[in-house]
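Summary of structural features
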Amino acid sequence: MTDDLNNETGEVKQKILVADDEASIRRILETRLKMVGYDVVTAEDGEEAVDVYNKTVPDLVILDVMMPKMDGYGVTREIRRTSDVPIIILTALGDVSERITGLELGADDYVIKPFSPKELEARVKAVLRRTTTKEISAPSGKAAKNVITTGSIKIDTARRQVYRKNERIRLTGMEFSLLELLVNNSGQAYSRNEILQHVWAYPPDHRIDTRVVDVHISRLRSKLEADPANPELILTARGIGYMFQRIN
């Protein structure tokens, strides 16, 4: 995290990396994000994005998909080798299947070009709120209440950590938030739109491809299920959406 302080609050600013080969977009986003209180670093191509990321360790990354030297997908792969930092991808691609490729690689959200800077600011705020919750130590008497166990899976909601047979499973912040919603309401089915509202903080009337949810569910299953093709934990509720198996 950056050492720069917010002069109004005295708190450490959250740092955002903006990587886009269009100088005008970098300038606009840098200006707007600084205005609302973030520290901003920039990169104009994929290779520089990886270098700047490694040197500055930002709290969130905004990546354009179509960049020279290394595209946004390649940058996402490199970052995800070692980090669960929140990633938002910017894409002008028309094919939905290509648009969500970044999500399949581990991005948390995407915004389609052309976009409103205000909309992107809202996405940044929502993702950071869901992914930068600090790990806390619960009082010993309350520790058990913060831990949910089902089969070989243990979910520590206070520390936002998941284990299988005492081995930690790496989840991104948004993956954990999605899991937490379903686990805390086990046995209750949620529609994709409801999940987008609860986890991604999209307004009810916001139009977005709900396969964002499908991709994250698929990623969770691949990490938690013994057989992701035949899930026993995260179930499909036909005609509705998804639910976590009922926990007694």
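This report concerns the structure included in the present document. It should be emphasised that the depicted structure is a prediction, and the values quoted were computed from it without experimental measurement. (Residues numbered from 1 in each chain as written. Predicted model: local features only at pLDDT ≥ 70, side-chain atom pairs only at ≥ 80, totals over all residues. Heavy atoms only, no water.)

**Here's the deal with the sheet that holds strand 10 (residues 190–191)**
Spatially, the three strands line up as an open sheet ordered 10-12-11, and their pairing is antiparallel. Here the strands that pair on one side only, and so sit at the sheet edges, are strand 10 and strand 11 (234–237). Pairing between strand 10 and strand 12 (residues 241–244): two bridges, direction antiparallel. Counted as the bridge partner of Ser191 is Gly241 from strand 12. Each of strand 10, strand 11 and strand 12 touches helix 7 (residues 173–184); the most contacted strand, strand 12, lies at about 70 degrees to it. (Pairing = 2+ DSSP bridges. Helix = DSSP H or I, 4+ residues; strand = E, 2+ residues; numbered from the N terminus. Contact = heavy atoms within 4.5 Å. Axes fitted to C-alpha atoms, helices over the stretch in contact; angles between N-to-C directions.)

**Points about the pattern of salt bridges**
The full count for this structure, using the stated rule, is 17 salt bridges. A salt bridge links Asp64 to Lys113; the nearest nitrogen and oxygen atoms lie 3.1 Å apart. Highlighted residues: Asp64 in strand 3 (residues 60–64) and Lys113 in the loop between strand 5 (109–112) and helix 6 (117–131), separated in sequence by 49 residues. In this structure, Asp64 and Lys113 share a single accessibility class: buried. Arg170 serves as the salt-bridge partner of Asp84, at 2.9 Å between the closest nitrogen and oxygen. Of this pair, Asp84 sits in the loop between helix 3 (72–80) and strand 4 (87–91) while Arg170 is found in the loop between strand 9 (167–169) and helix 7, placing the two residues 86 residues apart along the sequence. On the accessibility criterion, Arg170 (38% relative accessible area) is partly exposed. (Salt bridge = Lys/Arg side-chain N within 4 Å of Asp/Glu carboxyl O. Buried < 20%, exposed > 50% of the residue type's maximum accessible area, 1.4 Å probe, protein only.)

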